[in-house]
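Residues per chain are reported as follows:
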Amino acid sequence: MNRNYPNDLKIKNRKKLPTTEFMDNEKLFRAFDERDLDETDKIKLETVRFPDFSCDWSRFSKPGHIRYRINGSMTDGCYSFTVLTSRYKEIATPVHDPISDDKFPNYAHVEVRELSEGESIYFEPPKNRKRRTGSSKQRRLEYRQNMVNNLFIDLNPSEQL
């Protein structure tokens, strides 16, 4: 871990928080690079991963902090969306999933995980859960399109902090 590593990302004996702690207006930050942009500088639909994708929680992070992660780059861009957007039609929910790593600890780490039919947005889907057969491509596409429609680019690739 380098000397400039963000203090907010360090675990510091803090506990994992339950899904009930997420507030609708809080942001989730996601890294991207120039290849994820179309010709009008919008995030391409096909680059939005779903289900089960990683983000950083704005309560413990800032947009530039996404650059401090395994396989991260100091030229990565950052987009954000709200917790409410991540819970679109109760298809998925954010789960606090701190990463305890000597080189890249990340207390702000969150996974947005797909919910099964009938599960509450306050339920914590297990990590690496197998996709259920009823999860349609159309449902996932609708979720991803809503994400693209509601995200905000906080930091452009290569932008200096």
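Residue numbers run consecutively from 1 along every chain, following the written order of its sequence. At least 70 in pLDDT is required for a residue's local features to be given in this predicted model, at least 80 for side-chain atom pairs to be given and counted, and no such filter applies to totals for whole chains, interfaces and linings, which use all residues. With hydrogens and water stripped out, all remaining heavy atoms of the structure feed into the side-chain values.

J.: Is there a simple way to think about the pairing of strand β4 (residues 92-96) in this case?
T.: The side chains of a regular strand alternate, residue by residue, between the two faces of the sheet. For β4, a buried count of 5 out of 5 residues is recorded, marking the element as mostly surrounded by other parts of the structure. Relative accessibility thresholds used throughout: buried, under 20% of the residue-type maximum; exposed, over 50%; partly exposed, between the two (1.4 Å probe, protein chains only). Helix numbering and strand numbering both begin at the N terminus, where a helix is a DSSP run of H or I of at least 4 residues and a strand a DSSP run of E of at least 2. Because side chains alternate across β4, one face comprises the buried residues Ala92, Pro94 and His96, and the other comprises Thr93 and Val95, equally buried. Across 5 bridges, β4 lies against strand β5 (residues 109-114) in antiparallel orientation. Among the inter-strand pairings, Val95 is bridged to a residue of β5, identified as Glu111. We treat two strands as partners when DSSP finds at least two bridges between them.

J.: Sorry if this is basic, but what is going on with the layout of surface pockets here?
T.: Here the idea is plain: a probe the size of a water molecule rolls over the atoms and shows the empty space left. Whether a set of points on the 1 Å grid over the protein atoms alone is a cavity depends on a 1.4 Å probe fitting there but being unable to get out, while an open set qualifies as a pocket with protein on both sides within 12 Å along at least five of seven lines; lining residues are those with an atom within 4 Å of a point. Grid points are joined across faces, edges and corners, and a volume is the space filled by probe spheres set on the points. In this model, the largest pocket occupies a volume close to 400 Å³. Along its surface, the largest pocket is lined by 21 residues, and Arg30, Ser54, Ile66, Arg69 and Ile70 are the ones closest to its centre. Elements that contribute at least two residues to the lining of the largest pocket include exactly β1 (27-32) and β2 (53-57). At 4 residues, β1 tops the list of elements feeding residues into the lining of the largest pocket. The nonpolar class holds Ala, Val, Leu, Ile, Met, Phe, Trp, Tyr, Cys and Pro. Asp, Glu, Lys and Arg form the charged class, and all remaining residues, Gly among them, are polar. Each residue belonging to the lining of the largest pocket can be placed in one class, and the counts come to 9 nonpolar, 5 polar and 7 charged. Here the second largest pocket is characterised by a volume of approximately 170 Å³. Lining the second largest pocket are 11 residues, with Arg49, Pro51, Asp52, Glu111 and Asn128 positioned closest to its centre.

J.: Sorry, what's going on with the nonpolar core here?
T.: Looking at soluble globular proteins, one finds that nonpolar side chains tend to be buried together. Counting 28 residues, the largest nonpolar core has Leu28, Phe53 and Tyr143 as its most contacted members. Contributing elements (two or more residues each) for this core: β1, β2, β3 (77-82), β5 and α2 (137-150). Among the elements that take part in this core, β2 stands out by supplying 3 residues, more than any other. Two residues form a contact once any of their heavy atoms are found within 4.5 Å. Leave out the neighbours within four places in its chain, and Leu28 touches Phe22, Cys55, Asp56, Trp57, Tyr79, Ser80, Phe81, Val83, Ser86, Pro94, Val110 and Val112. Side-chain atoms within 4.5 Å are what join buried Ala, Val, Leu, Ile, Met, Phe, Trp, Tyr and Cys residues into a set we call a nonpolar core.

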